[in-house]
Amino acid sequence: MSSTASVTLRLLDKADKEILKLPRTVKGALYDFQHKFKANPNATGLQLKQLKGDSRLWSARVNDEYRALLLRLADNDWLIVSVKHRKEVYENLDRLAYGINQITGGIEYVDLQVVEESVLRRSAPPQAVPAPVPEARPAQPEPLFARFSDEQLKDLGVAEPLVPVVRTLTTEDQLLGLVEYAPQLTGEILLSLFDGKSYEDVLEQVTAPVAAPEPVDTEDFQAAVERPATMVTTTDDALRDVLQEEDFGRWKVFLHPTQSRLVERDYSGPARVGGGPGTGKTIVALHRVKHLVEQLPPGHTKPVLLTTYNKNLAADLRARLLDLGGEQLLSRVDISHVDQLALRVVREAEPGNAKQTIDDNQALREWRAMLDELGETSWDAEFLHDEWTQVILGQAVASRADYFRARRAGRGRNITRQERAGIWQLAEKFTQRLDRLGRQTWAQVAERAARLEMHREQRIQAVERQRAENGGLDNIHLQDGSAAWLRYRYRHIVVDEAQDLRPGHWKLLRAMAAHDRNDIFLVGDTHQRIYNNQVTLGSLGINIRGRSAKLTLSYRTTRQILGSAFGLLSGEPFDDLDGSQETLAGYRSVLSGTRPLLRGCADWEAECEAVAELVSGWRDIPSEQIAVCVPTNAMAQQVAVALHHAGVRAVEIGPEGPRGDEGVHIGTMFRFKGLEYQRMIIAGVAEGLVPRTEVIRLKDTDALRHRRELQRARSLLFVAATRSRDTLAILWHGTPSRFLEPLLTAEAHASS
Ligand SMILES: Nc1ncnc2c1ncn2[C@@H]1O[C@H](COP(=O)(O)OP(=O)(O)OP(=O)(O)O)[C@@H](O)[C@H]1O
């Protein structure tokens, strides 16, 4: 082994957890160790030696007390699998099991002794057993996985050395003990089986997405380390992060095999990643941006666009991308929320446009004022605003005649030709009114920007055609000289929270990048759609057919919270952004906690007191890790007062994020999109509030709109319920929301 050849040193997933628990001085020593090791593994101070009887496992000295255990993958390629006290390294070597998983082809390592101790720690202490009655056999608890054969477990991908331990498990606690130290996939499989999934479902939903596409050679460690199924740090920087930062952000370093496949894939066109809340869609979007930037030729431009629904989310993306790749990565990426992007395009084309842009609530107020002035009562403001935004603006309907022909799919009640004429007239009046007031809506901006950008694209394409006809030469006579300098604005576009973008946004984005490989990558979850922007991407020129995938493992919420959130959706159908259906099949978590608390109160005042009491009992965590979510702004203020009386600091979340640094976050459900808390209370989950009375009333007047608005209210509650990491409490007064019915039934069932 030459000391000058470059040495690769990596860290295996889960070894980081062990390292985080080490005393600070040992972590420091490990940091020095990795430098020395990479400079020369054979330096005498490192005492590198092969463990007896084993060809690949080696130990090296970190400091007087601690040793690193390393797998030698190739001559100069080493993988840290564990860091242990020296006394624990050399005895009973059979317990150190490593190998290549025969299903995924990923490298796995387990210390069987650590796993067994963790399982035993969670066993109930022995009970004082009465003297056995002769002949009667003591009742043996049924092993948890008795209904599955060893072969089945291995076929699913359970790490082979762990199968005998799996056989001994009889309680959920023991299972959780094993999951803590088992390889990731083993934990996912066992918990899915334990939660009641069939062998076939686990095979399809958990195993198949991470199975190696080719036959696995279980001796070829170099091939194995390159597979996504081997979760390792890949760069020196990542290893340094793990060693230096207390809370190093595993998301930056250890991607799930399903995540890394999506990040690195070469797509022949637009691609979409779906998946339930907390499955790491945003994380995948961020890593995808980094991956795309790494493939770019050197330069100083920003050919990658990262965009999302609103300003807060865009600010959050910027902070996380900086964390992931530093200023160098940021310097190649334009991060902008999609409305800002649209406004930029409009302002660029119309520098004199000084209109004030208003949101949907302001627009609704304007509609109401206009209808009042006109004494018009045939239509309500919400209906007209939706019709104008979605049908007239959404389909770029330019004339009354076009509107007579326009498709109104998904818009609810049928309207006659005469009614269309009336609506058209009102829409025209409304547009003129906004013009007069010097205002425009965001939907108008998006449509205008889309049209401008599509026009720009046509000019670019015309130049490209001419260039092609001219044999690729540039010195051509162009009809429009300025167009020769036009380029597509971006080479790659990455979109987060895709479910909430409007048709105008999609047309705008489509026109901003050439139809090419890896042009558009979007992530989103239609179960979390909280604005009324349903689209079919194919009809907007974004063809994702055959390039659509799904993430299913939640990294955020516990199995218990996830189960309740599932209950809230109660089998309702959701779309996949492209005219077909999307399900949450396979959505799961390996985190465990307590069951969500469901509590009815006598009235709103009692509910506020209950909120204050719960929050007061949570002084063990920083208050910013706690949130209270309610249906209306007025309720948010009342909760703030109740918390204040209880001596708890609180801040309300406004459109720009939390107003202030310290305190429990309080806000309406809309504000919680994309956020994450340790503990969360959702209060006011009662009929009439969730869903609102106005929505319930629509049942008799407009059945389709009623259904759509119900879906939206349900999604809003679903988003709120899935923001919490460990603890969730749902409160109400009066009649509990209809959406809680499945949860209340399950609870009654569990306690009977
Ligand atoms: N591979 C990973 N390793 C560790 N943590 C991860 C990983 N992937 C995601 N996470 C964490 O899981 C949480 C949820 O991730 P993220 O916000 O990307 O999910 P999401 O699918 O976009 O959620 P939502 O749809 O609810 O907005 C974050 O705290 C993130 O850091």
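Residues numbered from 1 in each chain as written. Predicted model: local features only at pLDDT ≥ 70, side-chain atom pairs only at ≥ 80, totals over all residues.

### Points about the site of the ligand
What surrounds the ligand is a group of 21 residues, the closest being Pro277, Gly280, Lys281, Thr282 and Tyr555. Where the shell around the ligand is concerned, the elements lending two or more residues are α11 (250–253) and α13 (281–295). Top element by residues in the shell around the ligand is α13. It accounts for 3 residues. Its residues assigned to classes, the shell around the ligand comprises 6 nonpolar, 10 polar and 5 charged. (Near = placed C-beta within 6 Å. Helix = DSSP H or I, 4+ residues; strand = E, 2+ residues; numbered from the N terminus. Nonpolar A, V, L, I, M, F, W, Y, C, P; charged D, E, K, R; others polar.)

### Quick word on the packing of helix α12 (residues 257–264) against α13
Contact geometry of α12 with α13 gives a least axis separation of 8 Å together with a crossing angle of 40°. Relative to α13, α12 is oriented oblique. Considering the relative orientation of α12 and α13, their crossing is right-handed. Where α12 approaches α13, its residues Gln259, Leu262, Val263 and Glu264 are matched on the opposing element by Ile283, Val284, His287, Arg288 and His291. In the contact of α12 with α13, the residues fall into 4 nonpolar, 3 polar and 2 charged. (Axes fitted to C-alpha atoms, helices over the stretch in contact; angles between N-to-C directions. Parallel < 35°, antiparallel > 145°, perpendicular 65-115°, else oblique. Left-handed = near helix turned anticlockwise from the far one by under 90°. Contact = placed C-beta atoms within 7 Å.)

### A few points about the nonpolar core
Counting residues in each nonpolar core, the largest one holds 134 residues, and the members touching the most others are Leu79, Ile80, Val81, Val289 and Ala342. With 7 residues, α13 is the largest single contributor of residues to this core. Beyond its immediate chain neighbours, meaning those up to four positions away, leucine 79 contacts Arg10, Leu12, Leu70, Leu71, Leu73, Val225 and Val232. (Core = buried A, V, L, I, M, F, W, Y, C linked by C-beta atoms within 7 Å. Buried ≥ 20, exposed ≤ 12 C-beta atoms within 10 Å, placed from the backbone.)

### Concerning helix α15 (residues 338–349)
For α15, built from 12 residues, the straight-helix expectation of 16 Å at 1.5 Å per residue is met to within 8% by its first-to-last C-alpha distance of 17 Å. Regarding α15, the residues found buried are Val338, Asp339, Leu341, Ala342, Leu343, Val345 and Val346. Residues of α15 that are buried in the fold lie against β9 (304–308), β10 (333–337), β11 (356–358), α20 (442–469) and α21 (503–512). (Expected span 1.5 Å × (residues − 1).)

### Some remarks on the domain arrangement of the protein
You can read the domains of the protein as domain 1 (8–124 + 143–226), domain 2 (255–347 + 445–551), domain 3 (356–437) and domain 4 (588–751). Between domain 2 and domain 3, the C-alpha centre-to-centre distance is 30 Å. The interface is formed by 8 residues belonging to domain 2 together with 6 residues belonging to domain 3. For the side of domain 2 that touches domain 3, the secondary-structure elements that each account for two or more residues are α20 and α21. The element best represented in the side of domain 2 that touches domain 3 is α20, accounting for 3 residues. Grouping the constituent residues of the side of domain 2 that touches domain 3 by class yields 3 nonpolar, 3 polar and 2 charged. (Domains from an automatic or database assignment.)

### Here we look at the sheet that holds strand β8 (residues 271–275)
An order of β10-β9-β13-β14-β8-β15 is seen for the 6 strands of this open sheet, with the pairing classed as parallel. At either end of the open sheet lies a strand with only one pairing partner, and these are β10 and β15 (548–551). Taking the axes of each pair of neighbouring strands and ignoring which way they run, one obtains an average angle of 15° across the sheet. Strand direction decides the pairing type here: strand β13 (residues 492–495) and strand β14 (residues 520–523), joined by 3 bridges, are parallel. For valine 494, the partnering residue across the bridge sits in β14 and is phenylalanine 521. Along the sheet, α15 contacts β9 and β10; its crossing angle with β10, the most-contacted strand, is approximately 100°. (Pairing = 2+ DSSP bridges.)

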